[in-house]
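# Remarks on the overall topology
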Amino acid sequence: DLTPLLRSDASSLMLIGATGEVLFSVKHENLVEAGYAPKVKAYFFNVPTPVFKQGFNYWPVLESKGIYSNYYRNGLCGKIVQQAIEKGRVVLVLVKRIKHGKVLSQLTGLPFVHGTSQDRDEIIGDFRQGKMPGLIASKILEEGFDLNSIDCIINAAGGRAAIPVIQGLGRSLREKEKQIGRAHV
């Protein structure tokens, strides 16, 4: 797994120093072939974004206008959620901002859970038990939280770095009976 080696901080060097060089590398298709991982289909969408003056790089404004306040992008997310649920897929939509999660929750009718949600544990428990077809979640479900029932991930948050995007999409790469995970970015 090359994920640690993609990091830009010193943790990659520390990992190599502690464990040595890579002994063996396995490709995802080999794991699928051996029955350890499901096939995955990933879809990437080019979404129109507002045009800013050259040299403008104030990230909070770019993020707001280009991601969570982007009418076209949110509508596309809603359409993908609806189509996936109609096909019987269990959907997880990942967002970074509470404001964005609330917008998508209103648009899709799915519950939204975040770090300060009072009923967070109950909602996540219901989702784990299959009581709802989908869930919109903030970063609390982005890393280190496995939900084997998910077979469609939508990264509504975008991302400036590959590691968090890859980690989030990994939620749909878990072994399951359905054998095909779907990721939408």
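Everything that follows concerns the structure shown earlier in this document.
Presented here is an overview of the structure given in this document. Everything numeric here is computed off the predicted structure, so don't read it as measured data.

### Section: the overall build of the protein
Broken down by element type, the protein carries 7 helices and 6 strands. Classification of the 185 residues of the protein by burial places 37% in the buried group. In the protein, the proportion of contacts linking residues at least 24 apart, taken out of those at least 6 apart, comes to 65%. Taken as a whole, the protein presents about 11600 Å² of accessible surface, with 54% of it coming from carbon and sulfur.

### Structural notes on the nonpolar core
Here is a general trend for soluble globular proteins: nonpolar side chains tend to be buried in one another's company. Membership of the largest hydrophobic core comes to 16 residues, with the highest contact counts inside it found for Val 91, Val 93, Val 95, Leu 104, Ile 136 and Ile 154. Broken down by secondary-structure element, the contributors of at least two residues to this core are α4 (71–86), β2 (91–94) and β5 (152–155). Once you skip the residues sitting within four places of it in the chain, Ile 136 turns out to touch Val 93, Val 95, Gly 101, Leu 104, Ser 105, Thr 108, Leu 110, Pro 111, Phe 112 and Val 113. Val 90, Val 113, Ile 123 and Phe 127 belong to the second largest nonpolar core, which has 12 residues in total.

### Re the pattern of salt bridges
What the rule picks out here adds up to 2 salt bridges. We note a salt bridge from Asp 121 to Arg 120, for which the minimum N-O separation is 3.8 Å. For Asp 121, a relative accessible area of 60% translates into the label exposed. On the basis of relative accessibility, which here comes to 28%, the residue Arg 120 falls in the partly exposed class. Salt-bridge contacts for Asp 126 lead to Lys 131; the nearest nitrogen and oxygen are separated by 3.8 Å. Note on Lys 131: relative accessible area 59%, which makes it exposed.

### Some points on the pairing of β2
Alternating positions in β2 separate into two faces, Val 91 and Val 93 on one and Leu 92 and Leu 94 on the other, with burial throughout. Of the pairings in the sheet, the one linking β2 to strand β4 (residues 134–137) comprises 4 bridges and is parallel in character. For Val 93, the partnering residue across the bridge sits in β4 and is Ile 136. Note: β2 against β5, 4 bridges, orientation parallel.

### Focus: a nonpolar patch on the surface
Where nonpolar side chains cluster on the molecular surface, the patch consists of Leu 23, Phe 24, Val 26, Leu 31 and Tyr 36 and spans about 620 Å² of accessible area. Among the structural elements, Leu 31 can be located in helix α2 (residues 28–33). Note on Leu 31: relative accessible area 32%, which makes it partly exposed.

Cut-offs applied
For every chain, the first residue of its written sequence is number 1, and the numbers climb from 1 along that sequence. The predicted origin of the model limits local features to residues at a pLDDT of at least 70 and limits the giving and counting of side-chain atom pairs to 80 or more, whereas totals for whole chains, interfaces and linings rest on all residues. Hydrogens are left out, water is left out, and the side-chain values use all remaining heavy atoms of the structure. For the purposes of this entry, the term helix denotes a DSSP run of H or I that reaches at least four residues, the term strand denotes a run of E that reaches at least two, and both are numbered from the N terminus. Burial classes follow relative accessibility: with a 1.4 Å probe on protein chains only, a residue under 20% of its type's maximum area counts as buried, one over 50% as exposed, and anything between as partly exposed. Contacts: residue pairs with any heavy atoms within 4.5 Å of one another. The accessible surface values rely on the Shrake-Rupley method and a 1.4 Å probe; as for residues, cover is taken only from the protein chains in view. What is meant by a nonpolar core is a set of buried Ala, Val, Leu, Ile, Met, Phe, Trp, Tyr and Cys residues, joined one to another through side-chain atoms within 4.5 Å. Any carboxyl oxygen of Asp or Glu that lies within 4 Å of a side-chain nitrogen of Lys or Arg is treated as forming a salt bridge with it. At least two DSSP bridges between two strands are needed for those strands to be called paired. Note on patches: the residues involved have over 30% relative accessible area and no salt bridge, like charges join within 9 Å, and the nonpolar side chains Val, Leu, Ile, Met, Phe, Trp and Tyr join within 5 Å.

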